Amino acid sequence: MLLAVFPLVLDPFRLNLMGKYMSFAFVAIGVVLTWGYGGILSLGQGIFFGMGGYMMAMLLKLEASAPELPDFMVWSSVEKLPLWWEPFHSFPFTVLLILTVPAVLAYLLSYAIFKKRVGGVYFAIVTLALALTMTVLIVGQQGGTGGANGITDFRTLLGMDIIGDDAKRVIYFVQSVAVSLAMLGALVVVRSRLGKILIAIRDREDRVRFSGYNTAHIKAFIFTLAAILSSVGGAFYSIQAGLIAPSVGGVAASVEMVIYAAVGGRLSIPGAVVGALLIGFLKSYLSETFPEVWLYFLGALFILVVLVMPNGLAGLLDRLIRQRPITR
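Residues numbered from 1 in each chain as written. Predicted model: local features only at pLDDT ≥ 70, side-chain atom pairs only at ≥ 80, totals over all residues. Heavy atoms only, no water.

Chemist: Even after reading the chapter, I still don't get the overall build of the protein, so can you show me in this structure?
Modeler: If you tally the helices and strands in the protein, you get 14 helices and 4 strands. Its C-alpha radius of gyration of 20 Å places the protein within 12% of the 20 Å reference for a compact globule of 328 residues. Counting across all 328 residues of the protein, residues that qualify as buried make up 48%. Considering only residue pairs separated by 6 or more positions, the protein has 77% of its internal contacts joining residues 24 or more positions apart. Total accessible area on the protein is roughly 16,400 Å²; 68% of this is exposed by carbon and sulfur atoms. If you average the places of the 24 positive and of the 17 negative side-chain charges in the protein, the two averages end up 19 Å apart. (Helix = DSSP H or I, 4+ residues; strand = E, 2+ residues; numbered from the N terminus. Rg over C-alpha atoms; globule rule 2.2 N^0.38 Å. Buried < 20%, exposed > 50% of the residue type's maximum accessible area, 1.4 Å probe, protein only. Contact = heavy atoms within 4.5 Å. Areas by Shrake-Rupley, 256 points an atom, 1.4 Å probe, with all protein chains shown as cover. Lys, Arg positive; Asp, Glu negative; His and termini not counted. Charge placed at Lys NZ, Arg CZ, Asp CG, Glu CD.)

So, in structure tokens, the structure goes:
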């Protein structure tokens, strides 16, 4: 569907919207790994999504404003480019930072928490607080991050146009391949020995620990993997949307990212992608068709999923297949 159908039936504007929805699919895949299989509910995945988005935005903004300072720095009376912006003149180094900075932060933070055997709702509250803290820090650093307005006005990547219809189509295909690889990698993880250990930790962590496993390390590893996926999704979002703002990685966005996995199915890797695309499409369609009450429709959908489909659309499909009579 992503590679063969959507590019043929959608116009460039809708295809670009689909690319933005697909950016959140990376996060949803990570949520399935951590929450569905590991029992780790994180309400702060927007932290890593925002980190990846801002790092890519810094690269794009420096290229768009070269050789001058970015416009929001000029408006904030910043006279010299901050030192921590300098690495983002290089595309390879930016990609390296997008992959490594969230990974290091996620591992150190989560391992310290899991080592103290903090989990469940307490871990969710910690990540929620961190998402709020990150939003406040970004808004407060007007001269370095663009403040509440974020970073906008990107035109090129490595000298290539990224706002034309042909360029958006190419970016969409690259992103579709990246999502497919992320799905494949996640499926390999959940079907491996590590996946079985994750399920065991989710169900009876004490027994796994007594068997000699370092459960804190395993949980921190899977949380780190989810953080990398979120960061990659944020980087693609900056390219597709042409902007990045604090709200994208805030509390509301972080909670919404969990809902993507819940709707698609928190035990289904493909379901996570479907959930992200479906919720994204519904947000756009309902806000255009019912601008005054669309949030009520979306809220009703979430309640329906929780009450009727606790395992999401993937669980409903599996149940229908199991109930279908076998003909010989």
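Chemist: Explain unusual backbone geometry to me, please; I cannot follow it from the model alone.
Modeler: Phi at Asp 153 takes a positive value of approximately 65 degrees, unusual for a residue other than glycine. Mapped onto the elements of the fold, Asp 153 is located in the loop between strand S1 (151-152) and strand S2 (156-157). With relative accessibility at 40%, the residue Asp 153 sits in the partly exposed group. Phi angles above zero are rare outside glycine, and Leu 158 is one such case at about 55 degrees.

Chemist: Please clarify how a negative patch on the surface should be interpreted in this entry.
Modeler: A cluster of acidic side chains, namely Asp 11, Asp 161, Asp 165 and Asp 166, defines a negative patch on the protein surface. Structurally, Asp 161 is set in strand S3 (residues 160-161). (Patch = residues over 30% accessible without salt bridge, like charges linked within 9 Å, V, L, I, M, F, W, Y side chains within 5 Å. Salt bridge = Lys/Arg side-chain N within 4 Å of Asp/Glu carboxyl O.)

Chemist: I would appreciate a short explanation of the packing of helix H2 (residues 12-37) against helix H8 (residues 165-190) in the present structure.
Modeler: In helix packing, the relevant descriptors are the interaxial angle and the interaxial distance, both defined with respect to the helix axes. In the contact formed by H2 and H8, the axes pass within 9 Å of each other and the chain directions differ by 15 degrees. Classified by the angle their axes make, H2 and H8 are roughly parallel. Viewed along their axes, H2 and H8 form a crossing whose handedness is left-handed. For the contact of H2 with H8, the per-class residue count stands at 16 nonpolar, 5 polar and 3 charged. (Axes fitted to C-alpha atoms, helices over the stretch in contact; angles between N-to-C directions. Parallel < 35°, antiparallel > 145°, perpendicular 65-115°, else oblique. Left-handed = near helix turned anticlockwise from the far one by under 90°. Nonpolar A, V, L, I, M, F, W, Y, C, P; charged D, E, K, R; others polar.)

Chemist: Looking at this model, I keep getting lost on the packing of aromatic side chains. Mind explaining?
Modeler: Each aromatic ring pair is characterised by the separation of its centres together with the angle its planes make. In the structure shown here, the tally under the stated rule is 14 aromatic pairs. Taking the centre distance of 5.6 Å and the plane angle of 65 degrees together, the rings of Phe 24 and Tyr 237 count as edge-to-face. Taken together, the residues Phe 24 in helix H2 and Tyr 237 in helix H10 (residues 215-241) connect sequence positions 213 residues apart. No difference in accessibility class separates Phe 24 from Tyr 237, as the two residues are buried. Here the aromatic residues Phe 24, Phe 49, Tyr 237 and Tyr 260 are joined through ring pairs into a cluster of three or more. (Phe/Tyr/Trp six-rings, centres within 6.5 Å; stacked < 30°, edge-to-face > 60°.)

Chemist: Just to check I follow, could you spell out the environment of Phe 302 for this structure?
Modeler: With respect to the helices and strands, Phe 302 occurs in helix H13 (residues 294-308). Taking C-alpha positions, Phe 302 is 7.4 Å from Val 263, a pair spaced 39 residues apart along the chain. The contact partners of Phe 302, leaving out residues within four places of it in the chain, are Ile 259, Val 263 and Ile 279.

Chemist: Whenever I open this one, the nonpolar core confuses me. Can you help?
Modeler: What tends to happen in soluble globular proteins is that the nonpolar side chains get buried as a cluster. With 94 residues, the main nonpolar core has Phe 26, Ile 29, Leu 33, Trp 85, Ile 151 and Leu 277 as its most contacted residues. Among the elements that take part in this core, H2 stands out by supplying 15 residues, more than any other. The residues touching Leu 33, leaving out its near neighbours within four places in the chain, are Gly 38, Ala 186, Val 189, Val 190, Leu 198, Ile 222, Leu 225, Leu 229 and Ile 269. (Core = buried A, V, L, I, M, F, W, Y, C linked by side-chain atoms within 4.5 Å.)

Chemist: I keep staring at the pattern of salt bridges and nothing clicks. Help me out?
Modeler: Pairs can form between side chains of opposite charge whenever their charged atoms are close. Summed over all chains, the structure comprises 8 salt bridges. Between Arg 14 and Glu 288 there is a salt bridge, with its nearest N and O atoms 3.5 Å apart. With Arg 14 in helix H2 and Glu 288 in helix H12 (residues 269-289), this pair connects stretches of sequence that are 274 residues apart. Arg 14 sits in the partly exposed class, given a relative accessible area of 32%. With its nearest N and O atoms 3.0 Å apart, the salt bridge here joins Asp 203 to Arg 202. Judged by its relative accessible area of 47%, Asp 203 is partly exposed. For Arg 202, a relative accessible area of 30% gives the class partly exposed.

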